[in-house]
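# Examining the three-dimensional arrangement
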Amino acid sequence: MERVLELGGYSARYCGRLFVQTGYSVSRVKSSPKPGWASKMAMNLFLDVEKQYLDSFRQDLPDSFDVVIVEANSADEAINLGIEEWKNAIVVVITPFGLSGPRRNWKATPSTLLAMGGYTQLMGDEGRTPLTLPGHYVEFQTAQYAYTAATACLFAGEKKLIDVSMYETLLSLSQFTTVMWSCSGMVRGRHGSDFYWVVPSNLFQCADGWVYINIVPTFWDALALFLDRPELTLDENFSDNTLRMSNRDAIHEIVASVLIEWDKQYVRERATSFRIPAGVVQTFDEVLKDEHLRTRDFWQTVEDEDGAAYSSPSLPFRVDKSDRPKLKLRKTVSRD
Amino acid sequence: MSVEGPLNGIRVLDLTHVWAGPLAARILSDLGAELVKIESPLARGPREPTVEPLAGWLGGEQGEEPWNNMATIVKLARNRKSVCLDLKREEGKQLFLKLVEQADVVIENFSARAMPSLGLGYDVMTQHNPGLIYVSMPGYGSSGPYKDWVAFGPTVEPMTGLTQVFGYSPEEPRNTAMALMDPIAGTSATNAVLTALRQREKDGKGKFVELSLHEAGVSFNGPWLIDHQLGLEQQSLGNAHPEMCPHGVYRCRDLRRGDDADWIAIACENDDAWSRLSHLLGCPDMSSWDLERRRNQADSINEHIGNWTSRFHKHEAAETLQEHGIASGPVSTGPELLSEPQAVDRNFFVIYERFDTPIPGNPIRMAGLDSLQWTPCPSLGEHNELVLQDWLGLASEDVEGLLSNGIIFDQPPV
């Protein structure tokens, strides 16, 4: 079994988690946790189960591993660890801005990276403060690239030093912000929850919560039936997406007036029968109890050091209906 | 004809569309896999477009072949060969299955019932190629009560729980309106392909890989879901952070570009960063405040920061804050992303496309990967002959016959 060594923050830890879940032996050098969006216990249970903990790092440690995942706060911090000397392993170095460039030692957090990476400009309402994204999207997405890169090198049998930056990860995951500027001269901005280019595509309040409706043009007639307003299909003000964009407020008013009377369950049932793209806002409690996820055996049991069990998301992909084994937090192992 | 990389020799049939799937395919192609995009005759729209595409046309105009010129498609389709065939016709289906026999991976992100209804489910493909890795990316998976739900990124997002914590406040939830589940599913799919390839190396067997957009999104919310079981309830904090204060997005001096983007994100990760910031703000008396006190005084601190940032353009403010070792970043628009010194210095946006259109690069950097080798998005069906000859040994006249009989295409039908 190939061995993976992991040093550093949430991105390295998520990458290590991916290796654990796909059958590798992962050792983690303990470090002080950075500020997180959930409790330390939750982060440990989510990220670190089945990892062997090492309480200290030594320069010769990487030599005994096939893959080394390092997350550092800056390029200099990474280089000072000695990464360029670790020639016997695939070494993936995760930093906020990469190992070169004028910002390579800039201080960053996920929120400052989301701002620089073009995300914050798109989230929230026009004219109001832009919103940053809660959670660890930046670190986890970077970890996904790190895993892909390391696994590709394992596949090819190549030992490489791989430089993955969180900033470039975000730049690479832009849907169309830059090409919209390059090709149309348009600066993409904020539209609240409204996707804007297809109407309606927005978050609406219903009787017991919220529902998102996303009506690309081919779904307009079905939406009218879903709303029990078949006459809308004949209304010349709404006959194509361009007109619906021009009459966006009127459409939103109609949809809102209908949905406010319905509860989430009814919206979902009706959306299913009329084949409408609709999703309800689920609380974390509702997600954990979600019948669909349970039926699909999505949850994985993780245990803390005392044997208390929790449901944790498994990998989002499944190879040949693979099992979801129970995983456990281990105690720290001292190397000396 | 693939670029050099660790996945050289891996042949992928790419049936993906929109965002999540093409993103996964782009990453695989950047790493050297040989990608053949299998496209339906109308995959890029009709010959005469009826609407302006979302991000416009390359070069600003639709051109003589508008179907080949849509920015959103082009952006995700580098290093690809295009074979355009009609999978609804039996001959097209048989041709596709012959290509499957030569492939390592088939990847698609249609609804769960699309491929089986064409008679091209995994069970059929594996009969033609037992070593095949088949990746299916339906919105809610191919089983369970939601399997037939219509799924787009923005409608899946609230189903994952994210909306409970995203917005201006618990009373004002927001959707990211960015189809955020798509890029999560895209990178997850790439991980899935690599995982399956490594497993196949060991056991020599083909693999069926299923990935749902929904589960990809839920997986990123794991820490909150475990917190909920620990009795710790999470709710929207706006731009605040549970373990950092100050943490927010602040208005800067107006650059008068009319882009509603004169903002800067600032975050203090620890007491030291706060101490430096408080001095910069001219409030040294606050410098010893610990996190709890800062949280209690967050409104006042945010007001001080807002007053300070309003005196500077966002880039000036960021430079000054960084000089003092404080995490900060200006809110960037499309044009600013392209001109940001870090991206420019590392040549992140690459010009290989027509009209010198800059396209986002590959965040995986290592020796042996070179964006100078990248090739632009192919035109529809551009490589019909090349692939059918190279992979299947068809003669030119055979390919010509397929074209004239409407099995393969090199432009959308009239």
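Read on for an overview of the structure. These figures come from a predicted structure and were not determined experimentally. Per chain, the residues get numbers from 1 upward, laid out in the order the sequence is written. Chains and ligands are labelled by the order in which they are written, letters from A for the one and numbers from 1 for the other. Selection of residues for local features in this predicted model requires a pLDDT of at least 70, selection of side-chain atom pairs for listing and counting requires 80 or more, and totals for whole chains, interfaces and linings are taken over all residues. Excluding hydrogens and water, the side-chain values take into account all heavy atoms of the structure.

Before going further, it helps to spend a moment on the overall build of chain B. A count of helical and extended segments in chain B gives 17 helices and 14 strands. C-alpha extents for chain B along the principal axes are approximately 85 × 50 × 45 Å. Burial here depends on accessible area, computed with a 1.4 Å probe over protein chains only, as a share of the maximum for the residue type. Under 20% is buried, over 50% is exposed, and the range in between is partly exposed. Each of the 414 residues in chain B was classed as buried or not, and the buried ones make up 62%. Pairs at least 24 residues apart make up 69% of the contacts formed inside chain B by residues separated by at least 6 positions. Counting only carbon and sulfur atoms, one obtains 47% of the accessible surface of chain B, whose full area is about 15100 Å². We treat Lys and Arg as the positive residues and Asp and Glu as the negative residues; His and chain ends play no part in the count. Charge positions are represented by NZ for Lys, CZ for Arg, CG for Asp and CD for Glu. Here chain B holds 34 positive side-chain charges and 57 negative ones, and the gap between their average locations is 2 Å. Numbered from the N terminus, helices here are DSSP runs of H or I no shorter than four residues, and strands are runs of E no shorter than two. In what follows, residue pairs with any heavy atoms lying within 4.5 Å of each other are defined as contacts. Methods summary: accessible areas were calculated by the Shrake-Rupley approach with a probe of 1.4 Å, and residue burial reflects only the protein chains presented.

Quick look at helix H12 (residues 298-309) of chain B now. Multiplying one less than the number of residues by 1.5 Å gives the expected span of a helix. Its 12 residues place the ends of H12 of chain B 16 Å apart at the C-alpha level, agreeing with the 16 Å of an ideal helix rising 1.5 Å per residue. The inward-facing, buried residues of H12 of chain B abut strand S9 (247-251), strand S10 (263-267), helix H10 (271-280), helix H11 (291-296) and helix H13 (314-323) of chain B.

Between chain A and chain B, the residue contacts involve 137 residues of the former and 145 residues of the latter. For the pair chain A and chain B, the summed buried area comes to about 12600 Å², and 64% of that belongs to carbon and sulfur atoms. Per-residue buried area on chain A facing chain B is highest for Trp37, Phe155 and Phe284 of chain A; these three make up 7% of the total on that side. Salt-bridge detection follows one rule: a side-chain nitrogen of Lys or Arg within 4 Å of a carboxyl oxygen of Asp or Glu. In this assembly, chain A and chain B are joined by 13 salt bridges. We define a polar contact as two N or O atoms separated by no more than 3.5 Å, with the added condition that, inside protein, one atom must be a possible hydrogen donor and the other a possible acceptor, whereas residues neighbouring each other in sequence contribute only through side-chain atom pairs. Our enumeration of links across chain A and chain B arrives at 60 residue pairs in polar contact (both at pLDDT 80 or more). Amino acid classes used here: Ala, Val, Leu, Ile, Met, Phe, Trp, Tyr, Cys and Pro are nonpolar; Asp, Glu, Lys and Arg are charged; the rest, including Gly, are polar. Classifying every residue of the side of chain A that touches chain B by side-chain character gives 71 nonpolar, 43 polar and 23 charged. Being paired, for any two strands, means DSSP has found at least two bridges between them. Across three bridges, the pairing between strand S12 (residues 317-319) of chain A and strand S8 (residues 207-211) of chain B is antiparallel. Bridge pairing links Val319 of chain A to Val209 of chain B in S8 of chain B. Throughout, the accessible surface (probe 1.4 Å) given up by two parts as they are put together, summed over both, is called the buried area.

The next point concerns the sheet that holds strand S8 (residues 209-214) of chain A. All names here are of chain A. Here three strands make up an open sheet; going across it, the order is S7-S8-S9 and the pairing antiparallel. Lying at the two open borders of the sheet, with one neighbouring strand each, are strand S7 (201-206) and strand S9 (278-280). In this sheet, neighbouring strand axes are inclined to one another by 25° on average, regardless of whether the strands run parallel or antiparallel. Bridge count for S8 against S9 is three bridges, and the pairing is antiparallel. Its bridge partner lying in S9, Ile213 is registered against Ala278. Fitted lines through C-alpha atoms give the axes, limited to the stretch in contact for helices. The angle between two N-to-C directions lies from 0 to 180 degrees. The sheet strands contacting helix H10 (residues 248-259) are S7 and S8, and the helix crosses S7 at an angle near 35°. With respect to the sheet, helix H11 (residues 264-274) is in contact with S7, S8 and S9, its orientation differing from that of S9 by roughly 160°.

Okay, the packing of aromatic side chains next. Two rings from Phe, Tyr or Trp (for Trp, the six-membered ring) form a pair when their centres sit within 6.5 Å of each other. Planes less than 30 degrees apart are called stacked, planes more than 60 degrees apart edge-to-face, and all others tilted. A full pass over the atoms with the stated rule returns 31 aromatic pairs over all chains. Plain terms: the ring middles of Tyr14 of chain A and Phe220 of chain B are 5.6 Å apart, the flat faces sit at 80° to each other, and that makes the pair edge-to-face. Of the two residues, Tyr14 of chain A sits in helix H1 (residues 10-21) while Phe220 of chain B sits in helix H8 (residues 213-220), which places them in two different chains. When the centroid spacing of 5.9 Å and the interplanar angle of 90° are considered together, the rings of Phe219 of chain A and Phe152 of chain B count as edge-to-face. Of this pair, Phe219 of chain A sits in the loop between S8 and helix H8 (220-226) while Phe152 of chain B sits in the loop between strand S5 (133-136) and helix H6 (153-156), on two different chains. Judged by relative accessible area, Phe219 of chain A falls into the buried class, the value being 16%. By relative accessible area, which is 24% here, Phe152 of chain B ends up partly exposed.

Structural measurements only, silent on function.
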